[in-house]
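Residue-level structure breakdown
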Amino acid sequence: METYKQNPDFLNIGRKLLDWYSVYGRDLPFRKTKNPYKIWICEVVFQQTRIAQGMSHYLNFIERFPDIKSLADASTDDVLLHWKGLGYYSRAMNIHKAAKQIVEEFNGEFPSEYRDILKLKGIGKYTAAAVSSICFGGDYPAIDGNFYRVISRLFADDYDISKSTAFQYFSEISMKIIPENRMGDFNQAMMDLGSEICKPKNPVCIICPVNEDCLAFSTGKTNLFPVKNKKTEVKDLSLTYYFVSFEDKFLIRRRGTDFIWKNLYEFPVSVPEAWEQYIAKHTNVKHKLTHRNLNIDIYTVNLPHQNLFEDFASEGDFIISSFEESQSKSFPKPLENYIKHSAVGEASFH
DNA sequence: AACTCGGGGGA
DNA sequence: TCCCCAGAGTT
């Protein structure tokens, strides 16, 4: 579809968006700074994450790790702890690695060139463009979900945004409507318009600053854009855990770097058959993720002797943890919830 | 180019 | 239920 090429005034659309942003832009904590470290962290926190959901994590993260060096010097557990419950945990590991990368390769100073920013672990085209444009005046459009939606509706463009070529496609279109030297503000204007006005469902077109220019609106077809053909399959996943405890301690172990919940902690996934007699309770936890329906069985194992507990721990390389100690580690959400509501957890509250 | 990685919220 | 959210890494 070539409709957008017939639009009479691309630049005027960009100016309207900037004017709207200067008045109605959201007042967010990271809007008051051009500190590339803070902009970087916020961009990664809010990848595939709503502002309301990630805000407390962002604030806590920045408070605990106020600069690149403090992050580079931190432990894996400490970094993951501040990412606890946020999901997509490789983001935290990548941020940690990138901080070390900046210390080693860029003398501890956040790189100012787009190409250098792009070299950092966990920073892709979108985040590099956002940091570059907001902090260093780089001329790169930050093409994200908001961007796809706004542009595809403006020009009623049915290009499939789930295709890997969509980034390049929408990048070229967007360059036609962006005023010179205002890329940072423009990128943030797109984010706010997409979040507040041009929402995925029920967009508030009546107060949109560019509704006169929007082909999807004028034809009453905003619900048809953007076009996204790829459908994600939801799979079932069953897990079994054993909450092995003795007095107020229980066993935990760090997960591997494969599959889900990379580097987070979990309970033992098996116990000796002879321990059948010590299984006291069975809890079934159902947990929904984006691409998975989780079905988790958790068996409570109360051991009668401390030596059984300690032998099993040392053989299986488990950590004997108290409730308090577990609070300094990052668990998958359903296991976190289980610990919180377990007898061990409740006992520790009193 | 397709697949994988969490969790929460809105409709 | 289904879809989406300030996407990136791996294969």
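Chain A appears in an unreviewed UniProt entry as Adenine DNA glycosylase from Bergeyella cardium. Quoted verbatim from the Cofactor (unreviewed entry) field of UniProt, the annotation for chain A is "[4Fe-4S] cluster". Recorded in UniProt under Catalytic activity (unreviewed entry), the annotation for chain A is "Hydrolyzes free adenine bases from 7,8-dihydro-8-oxoguanine:adenine mismatched double-stranded DNA, leaving an apurinic site."

As a further point, take the protein's contact with DNA strand C. The immediate surroundings of DNA strand C are formed by 29 residues, with F30, E43, G122, T127 and R149 found nearest. The sugar-phosphate portion of DNA strand C accounts for 63% of its atoms within 4 Å of the protein, the bases making up the rest. A distance of 3.2 Å separates a phosphate oxygen of DNA strand C from a polar backbone atom of Y126. A distance of 3.3 Å separates a phosphate oxygen of DNA strand C from a polar backbone atom of G145. When contributions to the surface near DNA strand C are tallied by element, the ones reaching two or more residues are α8 (125-136) and α9 (145-154).

Let's shift gears to the side chain of S321. Along the chain, S321 falls in strand β6 (residues 319-322). Judged by its relative accessible area of 0%, S321 is buried. At a separation of 3.4 Å, a polar atom in the side chain of S321 contacts the main-chain amide nitrogen of S326. Aside from chain neighbours lying at most four places away, what touches S321 is D248, K249, F250, I252 and S326.

Here we come to the protein's contact with DNA strand B. Not every one of the 25 residues close to DNA strand B is listed here, only the nearest: S164, I260, W261, T290 and R292. Near the protein, meaning within 4 Å, the atoms of DNA strand B are sugar or phosphate in a fraction of 51%, with bases accounting for the rest. Y88 places a polar main-chain atom, nitrogen or oxygen, 2.9 Å from a sugar or linking oxygen of DNA strand B. Y89 places a polar side-chain atom, nitrogen or oxygen, 2.9 Å from a phosphate oxygen of DNA strand B. Residues belonging to the surface near DNA strand B are distributed by class as follows: eight nonpolar, eleven polar and six charged.

With that settled, the discussion passes to the nonpolar core. Formed by 64 residues in total, the largest nonpolar core has its most connected members in W40, I41, L71 and F267. In this structure, this core is formed jointly by two domains, domain 1 (8-219) and domain 2 (235-344), each of which donates at least three residues. Non-local contacts of W40, meaning those with residues more than four positions away in its chain, are made with L71, I95, A98, A99, I102, F110, I123, T127 and V131. One finds F10, Y169, I173 and C208 within the second-largest nonpolar core, a separate group that totals 35 residues.

Further remarks concern the domain arrangement of chain A. On domain assignment, one finds that chain A holds domain 1 (8-219) and domain 2 (235-344). For domain 1 and domain 2, the distance between their C-alpha centres works out to 37 Å. Residue-level contacts link eight residues of domain 1 with 13 residues of domain 2. Both faces combined, the contact of domain 1 with domain 2 buries some 920 Å², and carbon together with sulfur accounts for 54% of it. Counting the surface domain 1 buries against domain 2, the share from its top three residues, D77, K84 and Y89, is 54%. Where domain 1 touches domain 2, the interface holds three salt bridges. D77 is paired through a salt bridge with R254; the nearest N and O atoms lie 2.5 Å apart.

Criteria and thresholds
Residues numbered from 1 in each chain as written. Chains lettered and ligands numbered in written order. Predicted model: local features only at pLDDT ≥ 70, side-chain atom pairs only at ≥ 80, totals over all residues. Heavy atoms only, no water. UniProt positions renumbered as here; feature names shortened; annotations may be inferred. Near = heavy atom within 4 Å. Polar contact = N/O pair within 3.5 Å; in protein donor to acceptor, adjacent residues only side chain to side chain. Helix = DSSP H or I, 4+ residues; strand = E, 2+ residues; numbered from the N terminus. Buried < 20%, exposed > 50% of the residue type's maximum accessible area, 1.4 Å probe, protein only. Contact = heavy atoms within 4.5 Å. Nonpolar A, V, L, I, M, F, W, Y, C, P; charged D, E, K, R; others polar. Core = buried A, V, L, I, M, F, W, Y, C linked by side-chain atoms within 4.5 Å. Domains from an automatic or database assignment. Buried area = accessible area lost by both parts, 1.4 Å probe. Salt bridge = Lys/Arg side-chain N within 4 Å of Asp/Glu carboxyl O.

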